[in-house]
Amino acid sequence: MSNRLISLLILIIIFWGIYWLYYYFFILNKGDMSISTNIENYKVSLYNSKLKTSFSTECLQAVCELIDLAPFQYEMTLSKEGYKDYVKTISIVSWEKLQLKVALEKQLLMEKIDIPLTQTLADTEKQIEEVRELSFLQKSYKYFLIPHLGYFYFQENEDNSLTLFQKNGQETLNLYSFQKIERTFLDIQAIEQTNNMIFISYWDDKFLYNLSNNSIEKIYFPQKINYVKQMNHIYHLINDKGTFLYDTNTKNIEYFYLFKDFIYYDNEHYLWIIFLSETEKKNNYNLSHLSGNLIVKYNFKTKTMKVLETTDINITKIILENNSLYFYDSWNNKYQVKNIE
């Protein structure tokens, strides 16, 4: 028998072998799959590692029927923009229908808020005016700038006292008088989640000052404060140790031991951070296998929690502004948090 004839026979055998395999697996022995999800308009992708083949289909409805599937093992991926990919290994059995029920989770989004770099003529004129103000403020005992409230400065008096002023545009207001102390023990910052309040640190004493009605409330708190935010009649005093809650009704300060920083997300949940350094807390919640800072949603009624995302961003503030959630990092970059599950 000639070599050409042998080669032809081998090709025929290979062809019919491939056709038989195709006919057996893809024609005679097929299975079906039904997927029920909590969303619509998602994509299903199936990949077989042995055959190195993959295919995908778009599912317009929450329930998706896939028919005439070859009886193999697949890595299945369900995906949709704004949701986390759902990956699962499945096996299709000949003449059987695989029933799957899947709930896709939202993908938390952190959108950095960029500061416009364009500068108008009005901005330039404003900067010139600010330079004039700075030359005046630099002669004061100590001054602070809070962008939406203007400048606050202490003026030294002859009787060894200090007077606190607010300068906002052309208006200058006399706010309060203090006994003179070293500059290093004076600090003023805005109270977050309000538009008209400032926090004054005066040695071991702290003051909540309402600029709308010129009222002031004194708190004794001999610790450094990183920032303050208000939630109704409760003030969150946040420092490196964690969050201390000051109740203006009872005048009590209570250490919030669960988390270093948090916000009330709704009537049942806190949104908070388990920081990278909090290894003991991660161990307590069986989360030691997760790296980075953990953004967590905690149900304080059922005592259950859900990790929404992990991030390497060094989060330093969690703030609610106009019903939107924002994170700040150690460089004071601002991120809007969206698509919370």
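First, a word on what this report is: a plain description of the structure on this page. Per chain, residue numbering runs from 1 following the sequence as it is written. Whole-chain, interface and lining totals are the exception, using all residues; otherwise, since this is a predicted model, local features are given only for residues with pLDDT of at least 70 and side-chain atom pairs are given and counted only at 80 or more. The basis for every side-chain value is the complete set of heavy atoms in the structure, and neither hydrogens nor water enter the calculation.

### Here's the deal with the overall build of the chain
- Helix and strand definitions follow DSSP, with helices as H or I runs of at least four residues and strands as E runs of at least two, each counted in order from the N terminus. Of the regular secondary structure elements, the chain holds 3 helices and 27 strands.
- Residues counted as buried form 39% of the 341 residues belonging to the chain.
- Across the chain, the fraction of contacts at a sequence separation of at least 24, relative to all contacts at a separation of at least 6, is 41%.
- For accessible areas, the Shrake-Rupley method is used with a probe of radius 1.4 Å. Any residue's cover is judged against the shown protein chains and nothing else. When the accessible surface of the chain is split by element, carbon and sulfur atoms take 51% of a total near 20,900 Å². Here the term buried applies to any residue with accessible area under 20% of the maximum for its type, exposed to any over 50%, and partly exposed to those in between, with areas from a 1.4 Å probe on protein chains only. The contact criterion used throughout is that any non-hydrogen atoms of two residues lie within 4.5 Å.

### Regarding the side chain of Thr248
- In this fold, Thr248 is placed in the loop between strand 19 (242-247) and strand 20 (253-256).
- Take Thr248: its relative accessible area is 17%, and that puts it in the buried class.
- Within the local environment of Thr248, its side chain forms a polar contact with the backbone oxygen of His233, the two atoms lying 3.0 Å apart.
- Each residue touching Thr248, except ones within four places of it in the same chain, is listed here: Glu217, His233 and Tyr235. Any pair of nitrogen or oxygen atoms within 3.5 Å is treated as a polar contact; in protein, a donor-acceptor pairing is required on top of that, and neighbouring residues in sequence qualify only through side-chain atoms on both sides.

### Some words on the pairing of strand 3 (residues 53-59)
- If DSSP finds at least two bridges between two strands, the strands pair. Bridge analysis of strand 2 (residues 42-48) against strand 3 gives 7 bridges, and the strand direction is antiparallel. The partner of Lys43 across the bridge, within strand 3, is Glu58.
- Once strand 2 ends, the chain turns through 4 residues before running back antiparallel as strand 3, passing Lys52 with a positive phi of about 55 degrees.

### Here's the deal with the side chain of Lys30
- Its location among the elements puts Lys30 in the loop between helix 1 (3-28) and strand 1 (31-36).
- In this structure the side chain of Lys30 is engaged in a polar contact, spanning 3.4 Å, whose partner is the side chain of Asp68.

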